[in-house]
Structure formats: structure tokens, C-alpha cells
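Below, each chain spelled out in residue letters.
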Amino acid sequence: TSVATVSISGSTITVTRKGYGSATITVNAAASGCYAAASSTFTVNCNRASISPSVSCDNVACGSTKTASVSGNSGSGTVTWSSGSTGVATVNSSGVVTGVTPGTARITASIAQSTNYNSGTAYKDITVNALTGSTGVSTSAMTITYSSTTGTKTISGNTGTVTASSSNESDL
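Calculation notes
Residues numbered from 1 in each chain as written. Predicted model: local features only at pLDDT ≥ 70, side-chain atom pairs only at ≥ 80, totals over all residues. Heavy atoms only, no water. Helix = DSSP H or I, 4+ residues; strand = E, 2+ residues; numbered from the N terminus. Buried < 20%, exposed > 50% of the residue type's maximum accessible area, 1.4 Å probe, protein only. Contact = heavy atoms within 4.5 Å. Areas by Shrake-Rupley, 256 points an atom, 1.4 Å probe, with all protein chains shown as cover. Pairing = 2+ DSSP bridges. Axes fitted to C-alpha atoms, helices over the stretch in contact; angles between N-to-C directions. Phe/Tyr/Trp six-rings, centres within 6.5 Å; stacked < 30°, edge-to-face > 60°. Lys NZ or Arg CZ within 6 Å of the ring centre and 35° of its normal. Core = buried A, V, L, I, M, F, W, Y, C linked by side-chain atoms within 4.5 Å. Salt bridge = Lys/Arg side-chain N within 4 Å of Asp/Glu carboxyl O.

S.K.: Lay out the overall build of the protein with the relevant residues and their values.
M.R.: Looking only at helices and strands, the protein has zero helices and 13 strands in total. Sorting the 172 residues of the protein into buried and exposed places 20% on the buried side. Partitioning the contacts of the protein with sequence separation of at least 6, the portion at a separation of at least 24 is 42%. Counting every atom, the protein has about 11,800 Å² of accessible surface; 47% of that belongs to carbon and sulfur.

S.K.: Any chance you could break down the sheet that holds strand β10 (residues 89–91) for me, citing the residues and the numbers?
M.R.: If you trace the three strands from one edge of the open sheet to the other, you get β7-β11-β10, paired in antiparallel fashion. What marks the edges here is a single partner per strand, and that holds for β7 (65–67) and β10. Here the strands of the sheet are splayed against their neighbours by 20° on average, with no regard to which way each runs. In this sheet, strand β11 (residues 96–99) lies alongside β10 in antiparallel orientation, the contact comprising three bridges. In the strand pairing of β11, Ala-89 is matched with Gly-99.

S.K.: How would you summarise the sheet that holds strand β13 (residues 120–129) if you had to cite specific residues and measurements?
M.R.: Across the sheet, four strands lie side by side as β6-β13-β12-β9; this open sheet has mixed pairing. The open sheet has two edge strands with one neighbour each: β6 (60–61) and β9 (79–83). Sheet topology places β6 next to β13; two bridges connect them, and they run parallel. Bridge pairing in β13 places Ala-61 opposite Asn-129.

S.K.: So what's going on with the packing of aromatic side chains? Residues and values would help.
M.R.: Here the structure, examined in full by the defined rule, presents zero aromatic pairs. The cationic tip of Arg-106 hangs over the ring face of Tyr-123; the distance from NZ or CZ to the ring centre is 3.7 Å.

S.K.: Quick rundown of the nonpolar core? Include the residues and the values.
M.R.: Of all hydrophobic cores here, the largest spans 16 residues; its most connected members are Trp-81, Val-97, Ile-126 and Val-128. For this core, the secondary structure elements donating two or more residues are β10, β12 (103–111) and β13. Once residues within four sequence positions are removed from consideration, Ile-126 is found in contact with Cys-57, Asp-58, Asn-59, Val-60, Ala-89, Val-97, Gly-103, Thr-104, Ala-105 and Ile-107.

S.K.: Summarise the environment of Gly-103; cite the residues concerned and give the values.
M.R.: Mapped onto the secondary structure, Gly-103 falls in strand β12. Owing to a relative accessible area of 26%, Gly-103 belongs among the partly exposed residues under this scheme. Sequence separation of Gly-103 and Val-88 is 15 residues, and the distance between their C-alpha atoms is 5.9 Å.

S.K.: Pulling in residues and values, what's your account of the pattern of salt bridges?
M.R.: On inspection of all chains with the given rule, the structure shows one salt bridge. Between Arg-106 and Asp-125 there is a salt bridge, with the nearest N and O atoms lying 2.8 Å from each other. Highlighted residues: Arg-106 in strand β12 and Asp-125 in strand β13, separated in sequence by 19 residues. Judged by its relative accessible area of 38%, Asp-125 is partly exposed.

S.K.: An account of the pairing of β11 is needed here, citing residue identities and associated values.
M.R.: Covered by surrounding structure in β11 are Val-97 and Gly-99 only, the residues Val-96 and Thr-98 on the alternate face being uncovered. Taken together, the three bridges between β7 and β11 define a ladder with antiparallel strand orientation. By the bridge assignment, Thr-65 is partnered in β11 with Thr-98.

As C-alpha cells, then:
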């Protein structure tokens, strides 16, 4: 891969970047009049531009999603998303973060090197919040008449263990 070309016009040396890397430029001057032949070299470093990415993502509730975004990616490098704690939060290839269990997870965006820009990495620690606890049972009063000995209510929305107790368990 070509890194640089060089041309001379009068007393000006012009170096043109053709790619990235280092090139050694050698300048030779022929003997002329009182001057002996001479040679000198210098190095040209052709570097990609640096990027300074940052990730933004709001905290997420357990079972919900938020979309993470990355800024400071000046190039066209591909962004790869990852979670440092997939038991707490996962992230897909589009940056959609899903809360799995309450806790903290580091969401990382890795940006690949592109034609003119270096690679870069950025992260954001997000919190997965627990959902507000509820038994899912209606709080309206229940009446059990003389013709029945039981009544029922339905539990909904809670996947944990639910227990019940009575404030007055004496027999008739």
C-alpha cells in the first residue's frame, strides 16, 4: 500500500498522502559549483484521525427496553454493542438495551477503524430498576354470605411467590 508520494517544484518539496502509515523521504542534491553532493532523509507519518466516542442510554426498568446511542463517531466505522453483565441487561446489534434483572450493567460501543478514522471504544453504566411490587389483587371488599364458605380473588402481574394471611382466623 502506498503511503506517500513526493514531488519537487523549485525549492519546495510537496509530500502527498496516499494512504496511512510511515514513509521515509530521501532528498538527494547533486554536486553543483562549490557544493558537494548531499543526501538527507525524513520520516512522514500519515495517521488516521482520532475519535472520541461517548455512549448515552437512560436507565431501564426490568423487562423494558431503551435505545443506546453513540456520539463522537466521526467516521463510518461499524459499531458493535455489548453488555458486560448479560444477566442484568442485554443489548442487540442496534443498541437496544433490555433490562433482565435489577442491577448495574456496562453497555459498551466498540467502533471499528474506518477509512480515515481510528477505532474507538466508549461505555455507559446503566441501572436496571426493579418493577414496583404488586400482588395484582383487587383491594375491593369481598362478602361471603351464609350460603357459602369461600370466596376467591385472582392474582395477576406478579411472578414471585405470593402468600396470604388473615387478621382473624378463629372458627365459627
